[in-house]
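Each chain, written out:
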Amino acid sequence: MSIKPPVVWCVGGSDSSAHAGLQADLRTGQDLECHVQTIVTCITAQNSKAVRSVEPVSLTMFNEQWQTLLDDVPPAAIKVSLLPSIEIVKACASWVQTIKANFPHVLVVFDPVMAASSESGNRLQQDSVGACLLECLLPVVDVITPNLMEFERLTGLSAQQPAVDIQGQLAAYLSTSKCAWLLKAGHSNSEQAIDWLVDRDTIVGFSYAKLTVHNTRGTGCTLSTALASFIAHGYDLLDAMTMAKAYITGALKTGVQIGAGAGPLGRPGWPLQIENMPTIVSPFSPIMSMNQPFAKMDFGKMGLYPVVDSVAWLELVLKQGVKIAQLRIKDPNDADLKHKIQQAISLGKEYDAQVFINDYWQHAITFGAYGVHLGQEDLDVADLTQIQAAGLRLGISTHGYYEIARAQSIQPSYIALGHIFPTQTKDMPSQPQGLTRLTHYATLLKGAFPTVAIGGITGERLPAVTRTGVDSVALVTAITKAIEPEATTRSLMVAFKNHVRGER
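Please read these numbers as outputs of a predicted model, since none were measured by experiment. The numbers attached to residues start from 1 for each chain and follow its sequence in the written order. Totals for whole chains, interfaces and linings use all residues, but because this is a predicted model, local features are given only for residues with pLDDT of at least 70 and pairs of side-chain atoms are given and counted only at 80 or more. Excluded from the side-chain calculations are hydrogens and water; all other atoms, namely the structure's heavy atoms, are used.

J.: An account of the overall build of the protein chain is needed here, citing residue identities and associated values.
T.: We count a stretch as a helix when DSSP gives it H or I for four or more residues in a row; a strand needs E for two or more, and each element gets its number in order from the N terminus. Counting secondary structure elements, the protein chain contains 18 helices and 18 strands. C-alpha extents for the protein chain along the principal axes are approximately 75 × 50 × 45 Å. Exposure categories follow from relative accessible area, calculated using a 1.4 Å probe and restricted to protein chains: below 20% of the type maximum is buried, above 50% is exposed, and the middle band is partly exposed. Going through the 504 residues of the protein chain one by one, you find that 56% of them count as buried.

So this is what it looks like as structure tokens:
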């Protein structure tokens, strides 16, 4: 039985060249396993060189398209682009408001198309429309994605301002709307560009190398539709944005020459190439990356990876032949913390195992641990340079594409992927990733970083998890709550090895 794809509504203009507009939206959505339904705002006569004519649909036809679709199936996400007239802008805002009132979970991406990205740069809407766009749509959409030219034309602000000042410059808009701004730098002159995602509380940069390619028509359409498509698949905004940036890089690399002008982008499929991932940056601190990778793991010792909360449990699993394990003591005020860490490190050496210390990187350095495991919040406070200089291996927890992108620029010894299923050991702010996402993550990182699946994995779920292609599987309660933990550990080790041999 086929899986029903999520439905994305794309509101915009028909492009007779099929390089951009709704035709590009349809190809992008299909490439990303979505079903795109369209609401046409205008018909254009254009080719790869110029836009010759733009004719808006009637207001009656525009409204009828919304109502007809709504009478059948609601969308999982909406992408709005070219709105050629003030009356269509106002009607679109009213329809989005209606959708939000009845389906508040539906997010709306607004790509404020104002001119064609062809060599002529023809205007696509009435001159008077620009002022109405922000007034009508900003209160009802969730993300707006202007390029530098569109940003300046819409706001009257300079797009050349330092990143640390962007929130202040946008304060008037951010205070009256929850809409996030994605400021696209693709038209900048720099070789390394950064798109900034800005809302009231945060500002995150997605850094990428500019590509010297000719076939770039429809870049903005493709990016915003990819963003809406990933949102429709259930990814949060940061994950969806990371994926959309990776997708657009792949699309630019595979563009094709059709026509005498700039050709359309390619459609590269689900973003599974690590080299296309953006680097995550902050305007308030240097780019968080390492000049060289952390020390490598002994790949032959990857496999069953128990995570335990006591030295006694650690010794038990190591005695059964486990070659990679983690000591995770939750209480930082444990009076015997240092001694327990020393014991864990000694046990790792005694049993020739890769023992990681969770969180306490200072103690791990002091006592000469094999490695340290850090969560995302720890990356903001830990001295990564000091950990690397001490020769420790580094494992990093991730919970989606955004955190994977953040982790991969640090070049850790392994990347943990979780949580895969609901877990009993801690409250998680994110939703369970599931096996489909885990498969995508494992494919993305294959050959670049060793991977560890973690979170809610039981003995019964172990075969399905190993089939995703991860290199190691972390277990917690499957061992510590077993009636016979020694025998359970041994059987799980055998099961992991057998499934790896049988499936790969």
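J.: Residues and numbers for the pairing of strand β13 (residues 354-358), please.
T.: Burial of β13 is extensive: five of the five residues sit out of reach of the surface. Of the two faces of β13, the one holding Q354, F356 and N358 and the one holding V355 and I357 are both buried throughout. Viewed with both strands pointing away, a crossover whose connecting path from the first strand over the helix to the second turns clockwise is right-handed. Considered for its hand, the β-α-β crossover made up of strand β12 (residues 324-327), helix α11 (residues 337-350) and β13 is right-handed. Taken together, the three bridges between β13 and strand β14 (residues 371-374) define a ladder with parallel strand orientation. Bridge pairing in β14 places N358 opposite H373. Handedness of the crossover is the feature at issue here: the chain leaves β13, passes through helix α12 (residues 361-366), returns alongside β14, and the resulting connection is right-handed. The pairing criterion for strands is at least two bridges between them, as found by DSSP.

J.: Break down helix α8 (residues 219-232) for me, citing the residues and quoting the values.
T.: For α8, with 14 residues, the first-to-last C-alpha span of 20 Å sits near the 20 Å given by 1.5 Å per residue. When we look at burial in α8, the residues that qualify are C221, T222, L223, S224, T225, A226, L227, A228, S229, F230, I231 and A232. By this rule, a helix spans an expected 1.5 Å times one less than how many residues it contains.

J.: Give me the lowdown on the nonpolar core, citing residues and values where you can.
T.: Side-chain atoms within 4.5 Å link the members of a nonpolar core, which is a set of buried Ala, Val, Leu, Ile, Met, Phe, Trp, Tyr and Cys residues. The biggest cluster of nonpolar side chains holds 148 residues, and the ones touching the most others in it are F62, W66, L83, F230 and L384. Here this core takes nine residues from helix α9 (residues 237-253), the largest share from any one element. Any two residues whose heavy atoms approach within 4.5 Å at even a single point are treated as in contact. In this structure, W66 is in contact with W9, V11, I39, I78, C92, W95, V96 and I99, ignoring residues within four places of it in sequence.

J.: Give me the lowdown on the environment of L384, citing residues and values where you can.
T.: Looking at the secondary structure, you find L384 in helix α13 (residues 384-389). Along the sequence, L384 and L227 sit 157 residues apart, while their C-alpha atoms lie 32 Å from each other. Once residues lying within four places of it in the same chain are set aside, the contact partners of L384 are M290, F294, L374, L379, L394 and I410.

J.: Help me get a handle on the pairing of strand β16 (residues 414-417), residues and values and all.
T.: Where burial is concerned, the two faces of β16 agree: the one with Y414 and A416 and the one with I415 and L417 are both buried. Here strand β15 (residues 393-398) runs beside β16; their pairing, made up of four bridges, is parallel. Paired with G395 across the strands is Y414, a residue of β16. Tracing the backbone out of β15, into helix α14 (residues 401-408) and back to the parallel element β16 gives a crossover that is right-handed.

J.: Can you explain the sheet that holds strand β17 (residues 451-453)? Please cite residues and give values.
T.: A barrel is described by the order of its strands in space; here eight strands give the closed sequence β11-β12-β13-β14-β15-β16-β17-β18, paired in parallel fashion. Neighbouring strand axes in the sheet, compared pairwise and without regard to direction, differ in orientation by 25 degrees on average. Pairing of β16 with β17 involves three bridges; the strand directions are parallel. From the neighbouring strand, I415 faces β17, where its bridge partner is T451. Together, β12 and β13 form the strand contacts of α11, whose direction differs from that of β13 by roughly 160 degrees. Axis lines are fitted through C-alpha atoms, for helices just across the contact stretch, and the angle between N-to-C directions can take any value from 0 to 180 degrees.

J.: Kindly report on α11, identifying the contributing residues and their values.
T.: Compared with the 20 Å implied by 1.5 Å per residue over 14 residues, the 20 Å span of α11 between its first and last C-alpha is a close match. Every buried residue of α11 is listed here: L337, I341, A344, I345, L347 and G348. On an axial view of α11, the arc spanned by its buried residues comes to 160 degrees, and they lie on one face. Residues K349 and E350 are exposed on α11 and point more than 90 degrees away from its buried face. The secondary structure elements touched by the buried residues of α11 are α10 (311-319), β12, β13 and α12. Positioned one or two residues after α11, D352 has a phi angle of 55 degrees, which is positive. Of all possible arcs, the one meant is that of the directions from the helix axis to the C-beta atoms.

J.: Describe the pattern of salt bridges, naming the residues involved and giving the relevant values.
T.: If the charged atoms of two oppositely charged side chains come close together, the side chains can form a pair. Any carboxyl oxygen of Asp or Glu that lies within 4 Å of a side-chain nitrogen of Lys or Arg is treated as forming a salt bridge with it. Taken as a whole and assessed by the stated rule, the structure comprises ten salt bridges. One salt bridge connects K319 with E315, and the closest N-O pair in it is separated by 3.9 Å. Of this pair, K319 and E315 both sit in helix α10, four residues apart, which is roughly one turn of the helix. Under the relative-accessibility criterion, K319 is labelled exposed at 51%. What makes E315 partly exposed here is its relative accessible area of 29%. In this structure, D380 and R406 form a salt bridge, with 2.4 Å as the shortest nitrogen-oxygen distance. In this pair, D380 sits in the loop between β14 and α13 while R406 sits in helix α14, placing the two residues 26 residues apart along the sequence. The class of R406 is buried, set by a relative accessible area of 12%. Each of D298, K301 and D352 takes part in salt bridges that share partners, so that together they form one network.

Purely spatial values, then, with no claim about function.
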